[in-house]
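Residue strings, one per chain:
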Amino acid sequence: MAATGNKSSLYPTVYKGDRGNAQRNGSENGAQVDLLNPVDSLAQDVSSTAVLMARPDEDDLVGEPQEPDDRGNWSGRFDFLMSLLGYSVGLGNVWRFPYLCYANGGGAFLFPFVLMLILVGFPLMFLELSFGQFAALGPAAIFDRICPLFYGLGYGMIAVSSMVSLYYTVIIGWAFLYMFRSFASELPWERCHPDWLSESCYSYLQADECKAINNSVYYQNICYNSSQAFDLNITELAKNKTQRSPPAQAFFEKDMLGMSGGIDEIGGVQWQVALCLLLAWSLTFLALSKGVQSVGKVVYFTALFPYVVLSILFVRGITLPGAKAGIIYYLTPDFEKLVMAKTWVAAAVQIFFALSPAWGGLITLSSYNKFHNDCFKDSLIVGVGNILTSIFAGFVIFPIIGYLAHELDMPVDKVVDQGPGLAFIVFPDVVTRLPISPLWSFLFFFMLITLGMGSEFALLETVMTAVQDTFPHLRQKKTYVVLCVCLLGFLGGLPICTEGGMYILQLMDTYAASWSVFAMAITECTIVGWIYGADNFIRDIEMMIGRKGTHWKRFFTVFWKFITPAVLMFLLFFNWIQYNRMAYAGKLYPVWAEIIGWVMAMIPIVLILSLSIYKLVRVPDSKSPRDRNFIGRVRRLLRHSDKWGPASKVPKFDLEEVQADGKTVTNPGFAASTTTRI
């Protein structure tokens, strides 16, 4: 049955009474059915039996249902919510946000952080969740249906998730190694061991033991008695604290990683790191081998347990001496930072990396949802939860940093380090000063493992969903697909386990998910907001979650078409403008390494462009002469394919409400104030 007016064929009409008379005479003999107010109890496969006494003909239904045995679904709504929370709340919330907050105005940084969530994070997150849920497809297949010309966009997202998962799992392997080394009466990084010490290594435990021997002086890992210290002027030299480095730093860089002098000195594989990497991939295989149902159960633990540990560490942290100074530093606003573009870019980048839009994970996770799941509510819950988790993590970390500054007699801003340094150097050093230090070390690194695994599950599920959507016959061999992906991931992570692996990790972290992600998000907004049409997409969303108000529709229309792409364009160009040569540990990366980094960043863009060219070359000739030239081919590929539509069988309907006898004819299975049964 064709739609009336200029509506899409996805939105025809279910009429009251005789269908033929209704078509001939309009609303006098037939009233349209309002199907846009679903309640939560609505089943996955909606049919018009809730409206009509008899089941309608297949001609009155639209949609391409995905059979549960074919693709799979979340076994419950909270499985999806926990998976989404585990994906969004990761390692960056613990080590990246506190650093950015203290480096960009303290409490003042919260304002651009929240604003960027509204301008960029939430609109993109809701777009992708509703996008994947509507079609029940991962990024590899969904763009081929909504805009065939840009179907390579999905593969670009998968490329980003694949590259990130390689080094992300190595970081989880580091956390495993630290956790295992915590099973000791004395943590191995409490002392400067001869095997990996440096001249600047300074152990407070050894210094206290040395001082207890007749006021001897501890300097450069040697305990001098008072007479030797006086003769050699050691006492004054030992007071210089600027050249001290904690044993945890030497343990991390020399004992665990065996860091070389640069990326051009790769060296051999560190076997202990490689074994922990194998363990991380093995656990990932066990969690994902049975599909999303098994993941949905595991993520209840990986998503919620970190909050238990964070709460324990928070209570312990605020009782430490110097904790107040750390909290004050964390919350003290420096409003002068707000006039700097760098602060706003840092806030937007953190939101982008926290919620991970344009990585493919959000589309993948939502593609296993029930068709009428309230993805708008899920977006609100996870978006707000992510912000609150980041803020709470700051209250956990900064009391500990304040305590460390108190112990070292140093300013707070000289203690904080960025990235792995905060998680694998600063905190391990702090726990050596706490009672029962092995317990606190175990809890912290076990928390890092659960945080990392929650995000890793979603990254790998994105890759495996792409494989299964591209090759549907492999859905029946899910275990073998997971095994192959995990094996390739382990082999791909081995170079990062070498002596030069830290330099490789920093290179991948800088380029793998950098400006190319912004470019893909802009393209995604263009496809949904302009090519397919924001109004059409909102109608699709209303099929799933019910009719929304005018202001709600205008909000997302304006953001998807104008505001969010404009902010992303600013981020993209600012990233290019502020480009600097990479350096780590004071060593500048060679030009060839920079080129490799740019190649990694270009992989998603090359995939999009090359697959677009492939589509243009392979598109069948049109019967219309005006569509046979290049412009005609582009025009045809910009239109959504015939397969685009809802993943569930739903009754055909029109969005125009037609009144019959003063009342709207409404499906009783949907919420409404007045209902007339047909």
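Refer to the structure printed above.
Residues numbered from 1 in each chain as written. Predicted model: local features only at pLDDT ≥ 70, side-chain atom pairs only at ≥ 80, totals over all residues. Heavy atoms only, no water.

Chemist: Explain a nonpolar patch on the surface residue by residue, including any values.
Modeler: On the surface, Met569, Phe573, Trp576 and Ile577 cluster together into a nonpolar patch covering about 410 Å² of accessible area. Within the secondary structure, Trp576 is located in helix H23 (residues 550–577). Its relative accessible area of 37% is what places Trp576 among the partly exposed residues. (Patch = residues over 30% accessible without salt bridge, like charges linked within 9 Å, V, L, I, M, F, W, Y side chains within 5 Å. Areas by Shrake-Rupley, 256 points an atom, 1.4 Å probe, with all protein chains shown as cover. Salt bridge = Lys/Arg side-chain N within 4 Å of Asp/Glu carboxyl O. Helix = DSSP H or I, 4+ residues; strand = E, 2+ residues; numbered from the N terminus. Buried < 20%, exposed > 50% of the residue type's maximum accessible area, 1.4 Å probe, protein only.)

Chemist: Got a sec to walk through the packing of aromatic side chains? Specific residues and values, please.
Modeler: By convention here, two paired aromatic rings are described through the distance between centres and the angle between planes. Scanning all chains against the criterion turns up 61 aromatic pairs. The interplanar angle of 45 degrees and the centroid separation of 5.5 Å between the aromatic rings of Tyr178 and Phe424 together place this pair among those described as tilted. Placement of Tyr178 in helix H6 (residues 152–181) and of Phe424 in helix H17 (residues 420–431) is noted, with a sequence separation of 246 residues between them. Judged by its relative accessible area of 1%, Tyr178 is buried. The class for Phe424 is buried, based on a relative accessible area of 1%. An angle of 20 degrees between the planes, with centres 5.0 Å apart, marks the rings of Phe301 and Phe305 as stacked. Note that Phe301 and Phe305 are positioned in helix H12 (residues 292–317) at a spacing of 4 residues, about one turn of the helix. Residue Phe305 is classed as buried on the basis of its relative accessible area, which comes to 19%. In this structure, Lys561 packs its charged tip against the face of Trp530, placed 4.3 Å from the ring centre. The ring centre of Tyr151 lies 4.9 Å from the NZ or CZ of Lys615, which sits over that ring. (Phe/Tyr/Trp six-rings, centres within 6.5 Å; stacked < 30°, edge-to-face > 60°. Lys NZ or Arg CZ within 6 Å of the ring centre and 35° of its normal.)

Chemist: Can you break down the environment of Leu115 residue by residue, with the values?
Modeler: By secondary structure assignment, the location of Leu115 is in helix H4 (residues 110–135). Spatially, the C-alpha atom of Leu115 lies 9.8 Å from that of Ile351, the residues being 236 residues apart in sequence.

Chemist: Before we move on, can you summarise unusual backbone geometry with the specific residues and values?
Modeler: Even without being a glycine, Ala136 presents a positive backbone phi close to 55 degrees. Inspection of the secondary structure puts Ala136 in the loop between H4 and helix H5 (139–146). Although it is not a glycine, Ile436 adopts a positive phi angle of roughly 55 degrees. Within the secondary structure, Ile436 is located in the loop between H17 and helix H18 (437–470). For Ile436, a relative accessible area of 60% gives the class exposed.

Chemist: Summarise the state of the cysteines; cite the residues concerned and give the values.
Modeler: What the rule picks out here adds up to 2 disulfides. Cys192 shares a disulfide with Cys201; S-S distance 2.0 Å. Of note, the bridge from Cys192 to Cys201 carries an S-S torsion of about -95 degrees and is left-handed in sense. Cys201 matches Cys192 in its accessibility class, with the two residues each being buried. Covalently, Cys210 is tied to Cys223 through a disulfide, its sulfur atoms 2.0 Å apart. The disulfide joining Cys210 to Cys223 has a torsion of about 90 degrees about its S-S bond and is therefore right-handed. Placement of Cys210 in helix H7 (residues 204–211) and of Cys223 in strand S4 (residues 222–224) is noted, with a sequence separation of 13 residues between them. Residue Cys210 is classed as buried on the basis of its relative accessible area of 3%. Not part of a disulfide, Cys486 finds its nearest cysteine sulfur in Cys484, a span of 9.5 Å. (Disulfide = S-S within 2.5 Å.)

Chemist: How would you sum up H23? Please name residues and give values.
Modeler: Helix length check: H23 (28 residues) gives 39 Å between terminal C-alpha atoms against 40 Å at 1.5 Å per residue, within 8%. Looking at H23, one finds that the buried residues are Trp552, Phe556, Thr557, Phe559, Trp560, Thr564, Pro565, Val567, Leu568, Leu571, Leu572 and Phe574. Tucked into the core, H23 has its buried residues touching H4, helix H14 (341–355), helix H16 (375–408), helix H21 (515–531) and helix H22 (534–545). (Expected span 1.5 Å × (residues − 1). Contact = heavy atoms within 4.5 Å.)

Chemist: Can you tell me about H5, naming the residues and giving the values?
Modeler: For H5, a buried count of 7 out of 8 residues is recorded, marking the element as mostly surrounded by other parts of the structure. Among the residues of H5, Pro139, Ala140, Ala141, Ile142, Phe143, Arg145 and Ile146 are the ones counted as buried.

Chemist: Account for the nonpolar core, with residues named and values stated.
Modeler: Counting 187 residues, the largest nonpolar core has Trp174, Phe424 and Leu448 as its most contacted members. In terms of residue count, the dominant contributor to this core is H6 (18 residues). Cys192, Cys201, Tyr202 and Cys210 belong to the second largest nonpolar core, which has 6 residues in total. (Core = buried A, V, L, I, M, F, W, Y, C linked by side-chain atoms within 4.5 Å.)

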